[in-house]
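# Analysis of the macromolecular model
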Amino acid sequence: MSRIRTEVGRAVVGQDQVVTGLVIALLCRGHVLLEGVPGVAKTLMVRTLARTVGLDSKRVQFTPDLMPGDVTGSLVYDARTAAFSFREGPVFTNLLLADEINRTPPKTQSSLLESMEERQVTVDGTARPLPDPFLVIATQNPVEYEGTYPLPEAQLDRFLLKLPVRMPAREAEIDLLRRHAAGFDPRNLEAAGVRTVATIADLEAGRKAVAKVAVSDEVAGYVVDICRATREAPSVALGVSPRGATALLSTARAWAWMRGGTFVTPDDIKALAEWTLSHRIQMRAEAELEGVTTAAVLASVLASVPVPR
């Protein structure tokens, strides 16, 4: 996992935290929502990650005229055999980059629901399993909302993590310009020296190791108390569901293993709380008008819930 993060850094500068989040998602078999303005290397990050782990990846540009069949695939009539055959859509891959997912209508957004939850696609009554591993990494622009369709809560809850992709620091941006001046081409990862440093077997071994990370009853209770506190917050219309609680425990275990721990601590829970829970909280309209954010709610919850000793 450390080699993956280092190798992605050959092409992507100043986004170490986001890369760590993507590695956690790989370990947990969870989907990721990347939120950031255009030009901060979201697409490059996903392409580079796929190359470093030797995974197949496909990119779909979500647009207002995109249809569900354009994502999942559809039945095509073959005149030679006088029969219909199934033509796979881009969802049949390991890493699906759903670029600007909020620019397509809800009907097409929902075409990913079965894929994300069941790891299969059902067309004409036949369920077709997707490759393993399968991850949806979706991007959305948090600034421009004209002509967009906000993701419904049911779909947001399917994303394991929501990772904010921020502007790089000044030194990182200078390093980025140096690389481009030296001939770096983001469309040619091979020329940039990005290699495959891990395999699917390595991922599976990592997942088995994560499963051995111990979780005490006190820490499990701490996770539940945090999630329950979000439901009782006065500015929140919809708090974190039990699915969110299991997601927080899962990501915290992966983070504990990545830092070399053998058991989950409350600090691990706190470290992953915002990434795992922020998109699962729906604010009241009046609270949003007053400028209350989900980050502020989570900070208040983490400060108020007693930490187990």
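Shown above is the structure to which this text applies.
The present account deals with the structure reproduced in this document. Owing to the predicted nature of the structure, the values given are computational and were not obtained by experimental measurement.

Among all residues except glycine, the phi angle is most often negative; among peptide bonds, the trans geometry is most common. The step from Asp132 to Pro133 runs through a cis peptide bond, and the omega angle for that step is 5°. Mapped onto the fold, Pro133 is located in the loop between β7 (126-129) and β8 (135-140). You will see that Ala41, though not glycine, has its phi angle at about 75°, which is positive. Relative to the helices and strands, Ala41 is located in the loop between β1 (31-35) and α3 (42-53). The exposure class assigned to Ala41 is partly exposed, which follows from its relative accessible area of 26%.

Overall, parallel pairing links the 5 strands, which are arranged β2-β5-β8-β1-β9 in an open sheet. The two strands at the open ends of the sheet, each matched to only one other strand, are β2 (57-61) and β9 (159-164). Strand-to-strand twist in this sheet, taken as the mean axis angle between neighbours without regard to direction, amounts to 20°. In this structure, strand β5 (residues 95-99) lies alongside β8, joined through 4 bridges in parallel fashion. Residue Ala98 lies in a different strand from β8, and its bridge partner there is Ala138. Where α3 meets the sheet, it contacts β1, β2, β5 and β8, and its direction lies at approximately 175° from that of β5.

About the cut-offs
- Residues numbered from 1 in each chain as written.
- Predicted model: local features only at pLDDT ≥ 70, side-chain atom pairs only at ≥ 80, totals over all residues.
- Heavy atoms only, no water.
- Helix = DSSP H or I, 4+ residues; strand = E, 2+ residues; numbered from the N terminus.
- Buried < 20%, exposed > 50% of the residue type's maximum accessible area, 1.4 Å probe, protein only.
- Pairing = 2+ DSSP bridges.
- Axes fitted to C-alpha atoms, helices over the stretch in contact; angles between N-to-C directions.
- Contact = heavy atoms within 4.5 Å.

Coordinates in, geometry out; function isn't part of it.
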